[in-house]
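# Structure at a glance
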Amino acid sequence: MSLVEIKNLKVHYPIRSGFWNRVTDSVKAVDGISFNIEAGETYGLVGESGSGKSTTGKSVVGLEKVTSGSIMYQGKDITQKRNRKELDYNHDVQMIFQDSLSSLNPRKRIEDIIAEPLRNFEHLSKDEEKLRVLQLLDIVGLDADALYKYPHQFSGGQRQRIGVARAVATNPKLIIADEPVSALDLSVQAQVLNFMKKIQREFGISYLFISHDLGVVRHMCNNIAIMNRGRLVEIGTRDDIYNHPIHIYTKRLLAAIPETNVNDRLQHRKDRLAVEEIYREQQDKYYDKDGKAFPLVPVSPTHSVALPQDVANEIIKQEGEVKA
Amino acid sequence: METTSDFLNIKDVNTAFKINGKYYDAISHINLKVHHDEILAIVGESGCGKSTLATTIMGLHDPSETKISGEIEFEGTDLLKLDEAGYNKFRGAKIGMIFQDPLSALNPLKRIEDQISEVMTYHTNFTAEQKHKRVLELLDEVGIVNPERTARQFPHQLSGGMRQRVIIAIAIACKPDLIIADEPTTALDVTIQAQILDVLRKIQQENHAGIILITHDLGVVAETADRVAVMYAGQIVEEGTADQIFNKPKHPYTRSLLRSMPQRDNENDDLYVIQGNVPSLQKMPTTGDRFAPRIPWIDASAHEANPSMHEVEPGHEVRCTCYKSFTFPDQTGSVKV
């Protein structure tokens, strides 16, 4: 059984207007998505800004009021607050935020910041607590003298590591990482990603890794979902998504990643423009008449794509011919 | 117009900021040339001084808080000797600037048309009609589908990509010879980023302008730049063509950066991490190789006492001699990180 099963999740925000301020319409931030996160794996959720990926992440932690659909954890639907309490869900699921400065309380010392989840969930004595905080600092590679400092005294990468330390404090089973490295420099990004992988190996944590950076996602994630306008357009393994993309949106995203290979840059640009061209011409083939992505259909045991079955088959056939 | 190909010549420029009454160098001894018809990328991590270099060229520093020395020769004029009124003849007209955050660079209370024509009011003697025509022309040039409509809109009505296009339109309104783009695509999605870079490249080719592209994204550099200058701790550590920098990087910093990128071939390995941190402005060493503390396994004798630029091949220069003996610790197998 999967660790978390998300079924047909919808989060709609009401738009109010008119004299009585009645609900006249809604913004469908997340509009019916389903996927499973397995224990010990990193699940990548990729999309552009406004695609609903952060809203999905927040719903999984329980920070967002879900309109409909279910999130199953240990056989219970945790969109109900009662079930979250019963399962100790908030203890098992933690979050790492994008902006490390605004997610750490500027008036608290690092000791108190990291100990906060411990104080909420585990009733430790003062000495035990301190020992635990020191262990956590050690895990993320910070010295003991960090204990009595404040967040502003650290660099961006160190702060992000403090965020990681706080998230792993309660030995969670799942961590939602919402763009954990997008505010960081390249060398610091490498540090934080390595830490996240190391902690995963040691404690068997699962991640829901939300990012717009396809390079980082390729490095971190075994399974990936591509999100577009509140719907999933393609899910599959790393190999499926990066080497055999089917949906035009996935292809477009992949083509837009800048390559570091200087020699092929003209070719790469030509490929990208070709994909853009197809995207413009054949949009209605890939989206229904309301501009919504179709329901996912499986094309292999691991790989599904949001297309009518016949269109999906046709595309796979075409690609096969091109290769042959 | 001058026909010399290096129309911007930065000679030995230092910019120092005043902190608690003392001056600290944010960039030191920068030598750089920009030619017509090329995109020069300046790469480096945050705090390495790349934006300071841009604002120094644009003359945006408060003289009471900063000390600038050296020479910035632009088409025969030394920009650093100009007073404010003299500088204003260049800014906007001959040098255009594109900022990172398009929302804060636009005036929220003015329509797009007024913001673009403001530059022309200042630098040209176009009539209202001519200005209107040029605004539509510019919006079309930067790839906005419905220029008439966009011209009447306010910044908040546009998406991030559209706003950045408007900023580019303002920057190129007077056909500048030099465009400085400071992280122009950092706030944008990848698909939009690709489009904006296309627009920049197109404009550069049409106007034969020189572009200084400041970015921390090596992918963007590899896709767009003709020449690259890598900066570390206020100094240029390596300079060369895109081909030289990406295929034959020499300086330890360039090589470390390239290695710490998540790439196709290191999917399952740990990424390379550069030890230590960039020194802060106050703690910046004034002598010796500034990168040395971050590659401690390299013997001190490999570094120069006062590192200077060495030519490796024509057009490719590297600071300090330590590149000759530099290897990554895991590749020699003798030292552990």
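This one's a predicted model, so the numbers in the text were calculated from it and none came from an experiment.

A few words now on the domain arrangement of chain B. The figure often quoted for interface size is the accessible area lost as the parts come together. Residue and element names in this part refer to chain B. Considered domain by domain, chain B is made up of domain 1 (6–225) and domain 2 (249–263 + 270–332). Computed from C-alpha atoms alone, the centre-to-centre distance between domain 1 and domain 2 is 30 Å. Elements with a contribution of two residues or more to the side of domain 1 that touches domain 2: β1 (6–19) and β2 (22–35). Here the element with the most residues in the side of domain 1 that touches domain 2 is β2; it accounts for 3 residues. Along the lines of polarity and charge, the residues of the side of domain 1 that touches domain 2 split into 6 nonpolar, 1 polar and 2 charged.

Turning next to the sheet that holds β2(B). Residue and element names in this part refer to chain B. The strand order across the open sheet built from 4 strands is β2-β1-β4-β5, with neighbouring strands paired in antiparallel fashion. Two strands lie at the open edges of the sheet, namely β2 and β5 (77–78), each paired on one side alone. Looking at chain direction, strand β4 (residues 66–74) and β5 are connected through 2 bridges and run antiparallel. The residue of β5 that forms the bridge with Glu73 is Asp78.

Counting residues at the interface gives 27 residues for chain A and 29 residues for chain B. Listed by contribution, the elements that provide at least two residues to the side of chain A that touches chain B are α7 (186–203), α8 (214–220), α10 (248–256) and α11 (265–286) of chain A. By residue number, the principal contributor to the side of chain A that touches chain B is α7(A), which donates 7 residues. Its residues placed into classes, the side of chain A that touches chain B shows 9 nonpolar, 10 polar and 8 charged.

All names here are of chain A. Within strand β10 (residues 231–237), 6 of the 7 residues are buried, leaving the element largely enclosed by the surrounding structure. Where strand β9 (residues 223–228) lies against β10, 6 bridges are found, and the strand directions are antiparallel. Counterpart to Asn223 in the pairing with β10 is Thr237. Hairpin connection, β9 to β10: the antiparallel pair is bridged by 2 residues, and Arg229 has positive phi, about 50°. Bridging between β10 and strand β12 (residues 304–306) involves 2 bridges; their strand directions are antiparallel. The residue of β12 that forms the bridge with Glu234 is Val305.

Residue and element names in this part refer to chain B. Even without being a glycine, Glu183 presents a positive backbone phi close to 50°. Topologically, Glu183 is positioned in the loop between β7 (178–182) and α8 (190–207). The exposure class of Glu183 is partly exposed, given the 19 C-beta atoms found within 10 Å. A positive phi angle, close to 50°, is found at Ala233, a residue other than glycine. Counting through the fold element by element, Ala233 comes out in the loop between β9 (227–232) and β10 (235–241).

Criteria and thresholds
- Residues numbered from 1 in each chain as written.
- Chains lettered and ligands numbered in written order.
- Predicted model: local features only at pLDDT ≥ 70, side-chain atom pairs only at ≥ 80, totals over all residues.
- Domains from an automatic or database assignment.
- Helix = DSSP H or I, 4+ residues; strand = E, 2+ residues; numbered from the N terminus.
- Nonpolar A, V, L, I, M, F, W, Y, C, P; charged D, E, K, R; others polar.
- Pairing = 2+ DSSP bridges.
- Contact = placed C-beta atoms within 7 Å.
- Buried ≥ 20, exposed ≤ 12 C-beta atoms within 10 Å, placed from the backbone.

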